[in-house]
Amino acid sequence: MTFNSLSSLYSRKWCNPLYSWQTSNWQKLTSSRNNNRLAHGLLFYGPAGIGKKDFATEFAQWLICEQPSADNACGKCKSCQLIQGGTHPDFLHITPEEEGKAIKVDQIRELIEKMSLKKHGQGHRVIIISPADALNTNASNSLLKTLEEPPANTVLILVSDKPSKLMATIRSRTQMIRFELPQTEQSVQWLNQQNIDKAELALKLCSGAPLAAIDMVDEEGLLIRDKLFKNWQDLAIGREDALESAAMWIKDGFKVKANLPLNWVSSWILDMIRFLQGGHIDTMVNVDYAQSLQNLARQVDLKSVYGLLDRLNDTIRLTDTPANQQMLVEGFLLHWSGLKRS
Ligand SMILES: [Zn+2]
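First, a word on what this report is: a plain description of the structure on this page. Computed from a predicted model, the values in this text were never measured in an experiment.

Examining the pattern of salt bridges
- Applying the stated criterion across every chain, the model contains 13 salt bridges.
- The partner of lysine 104 in a salt bridge is glutamate 97, and the shortest N-O contact between them spans 3.6 Å.
- Accessibility expressed as a relative area gives 58% for glutamate 97, which makes it exposed.
- Notably, a salt bridge pairs lysine 114 with glutamate 110, separated by 3.8 Å at the nearest N-O pair. A residue pair is termed a helical-turn pair when its members lie 3 or 4 positions apart in one helix, as lysine 114 and glutamate 110 do in helix 4 (residues 105-116) at four residues.
- One network of salt bridges, in which partners are shared, links Lys230, Asp234 and Arg239.

Topic: the coordination of the zinc ion
- Donor atoms from the polypeptide that coordinate the zinc ion comprise Cys65 (SG), Cys74 (SG), Cys77 (SG) and Cys80 (SG), at 2.3 to 2.4 Å from the metal.
- Each of the four donor atoms bound to the zinc ion contributes to angles spanning 103 to 117°, and the resulting shape is tetrahedral.
- Here the donor residues of the zinc ion are spaced in sequence according to C-x8-C-x2-C-x2-C.
- With a relative accessible area of 19%, cysteine 74 lands in the buried category.
- Note on cysteine 80: relative accessible area 0%, which makes it buried.

Brief notes about the pairing of strand 2 (residues 91-94)
- When strand 2 meets strand 3 (residues 125-129), the two strands line up parallel, connected through four bridges. Within strand 3, the residue paired with isoleucine 94 across the bridge is isoleucine 129.
- Tracing the backbone out of strand 2, into helix 4 and back to the parallel element strand 3 gives a crossover that is right-handed.

Concerning the nonpolar core
- In terms of nonpolar packing, the biggest core is built from 85 residues, with Phe44, Phe59, Ile157, Trp232, Ile269 and Trp336 touching the most fellow members.
- The contacts of isoleucine 157, once residues within four sequence positions are left out, are Leu42, Phe44, Ala56, Phe59, Val126, Ile127, Ile128 and Ile129.
- Membership of the second largest hydrophobic core comes to 21 residues, among which are Leu92, Ile129, Ala134 and Leu147.

Looking at the packing of aromatic side chains
- In total, this model carries 18 aromatic pairs according to the counting rule given.
- Judged by centre distance (5.0 Å) and plane angle (5°), the ring pair of tyrosine 19 and tryptophan 21 falls under stacked.
- Assessed through its relative accessible area of 12%, tryptophan 21 is described here as buried.
- Aromatic pair tryptophan 26 and phenylalanine 59: ring centres 5.8 Å apart, planes at 85°, arrangement edge-to-face. One end of the pair, tryptophan 26, is in helix 1 (residues 23-34); the other, phenylalanine 59, is in helix 2 (residues 52-64), and 33 residues separate them in sequence. The residues tryptophan 26 and phenylalanine 59 share a single accessibility class, namely buried.
- Every member of this aromatic cluster is reached through a ring pair, and the members are Phe229, Trp232, Trp249, Trp268, Tyr289, Phe332 and Trp336.
- Taking NZ or CZ as reference, arginine 341 lies 4.6 Å from the ring centre of tryptophan 336, over its face.

Quick notes on unusual backbone geometry
- Note the cis peptide between serine 130 and proline 131, where omega equals -5°.
- With respect to the secondary-structure elements, proline 131 resides in the loop between strand 3 and helix 5 (137-148).
- One non-glycine residue, asparagine 153, lies in the positive phi region at around 55°.
- Relative to the elements of secondary structure, asparagine 153 occurs in the loop between helix 5 and strand 4 (154-160).
- Phi at asparagine 195 takes a positive value of approximately 55°, unusual for a residue other than glycine.
- In this fold, asparagine 195 is placed in the loop between helix 7 (184-193) and helix 8 (199-205).
- Of the residues examined, asparagine 195 reaches a relative accessible area of 67% and is grouped as exposed.

Parameters at a glance
Residues numbered from 1 in each chain as written. Predicted model: local features only at pLDDT ≥ 70, side-chain atom pairs only at ≥ 80, totals over all residues. Heavy atoms only, no water. Salt bridge = Lys/Arg side-chain N within 4 Å of Asp/Glu carboxyl O. Buried < 20%, exposed > 50% of the residue type's maximum accessible area, 1.4 Å probe, protein only. Helix = DSSP H or I, 4+ residues; strand = E, 2+ residues; numbered from the N terminus. Donors = N, O, S within 2.8 Å, 3.2 Å for Na, K, Ca; no water. Tetrahedral: all angles 85-135°; square planar, octahedral: opposite > 155°, others 65-115°. Pairing = 2+ DSSP bridges. Right-handed = clockwise from strand over helix to strand, strands pointing away. Core = buried A, V, L, I, M, F, W, Y, C linked by side-chain atoms within 4.5 Å. Contact = heavy atoms within 4.5 Å. Phe/Tyr/Trp six-rings, centres within 6.5 Å; stacked < 30°, edge-to-face > 60°. Lys NZ or Arg CZ within 6 Å of the ring centre and 35° of its normal.

See the structure below:
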């Protein structure tokens with residue numbers, strides 16, 4: 001699953017930033033540039049699914065625009081048009097060649113070579129590296145010198161959800177700009193404006209990240225969740241077989257996004273723990289399953305639910321490695337179906 005670039009989906013407005021929750025970062029960065037204090041290397045970091053990359057693209061356009069206002073690209077000049085067509089030679093985007101894989105040293109070498117050539121337009125040259133945590137060690141080392149002393153009028157923007165995975169020497173050469181999760185109310189309002197069904201539920205399931213919530217609804221994530229949660233409940237009452245179910249979890253669930261189904265289950269287990277500890281229904285994430293969740297929680301003791309959570313966390317950790325996914329998910333579903341119930 002990738003977070004959609006909304007700029008292409010919604011009618012373009014020449015008033016930045018695209019998302020209302022990014023206003024303070026926009027003001028901060030535009031004011032830095034207007035005062036000639038913009039760093040050559042920027043690291044945009046914060047939770048996934050809140051529009052950091054879209055922000056970086058918009059900011060790049062403003063830097064590259066030939067007739068920018070104090071805080072907006074003009075949207076009309078040749079540079080703006082080339083950027084919108086995705087063909088501006090001064091605007092480079094480095095991503096892994098294969099989704100989920102590393103950014104390799106050859107890609108960075110090629111970038112450095114391009115940067116040694118003369119710029120085409122009159123504005124800045126901007127390079128977006130995303131996700132920057134995908135840079136492997138060699139690629140990172142190769143980038144260090146460029147980050148320290150890029151060619152004139154060149155800005156490198158690194159975008160990451162996991163900045164701690166970046167080499168410390170990379171981080172220390174950038175100005176780190178944190179992007180915060182928007183307030184729930186603001187996100188719900190925005191999702192409603194985009195005509196998103198079940199906005200509040202989708203937002204809760206995506207830990208408050210509005211673009212992730214849109215993707216979840218767009219990609220039928222809620223339907224797949226319903227299907228898997230039905231199976232999850234059937235496993236608890238012995239109506240389904242864990243070994244057969246695992247294949248479905250991997251086929252239907254993991255195609256949405258690796259480990260997403262296990263994260264849903266994690267939120268289910270945490271809801272059970274909240275309930276067993278006397279928490280109110282409002283504190284639950286899976287409010288649409290409150291009834292069934294409470295019934296199942298009543299049949300088990302808190303200690304065994306914590307044991308289940310440990311098992312799940314081990315499973316999630318291992319599915320990130322080359323371990324056999326099928327066996328891992330089977331083992332976990334078996335643990336759940338075999339839990340001692342009263
Ligand atoms: Zn322009």
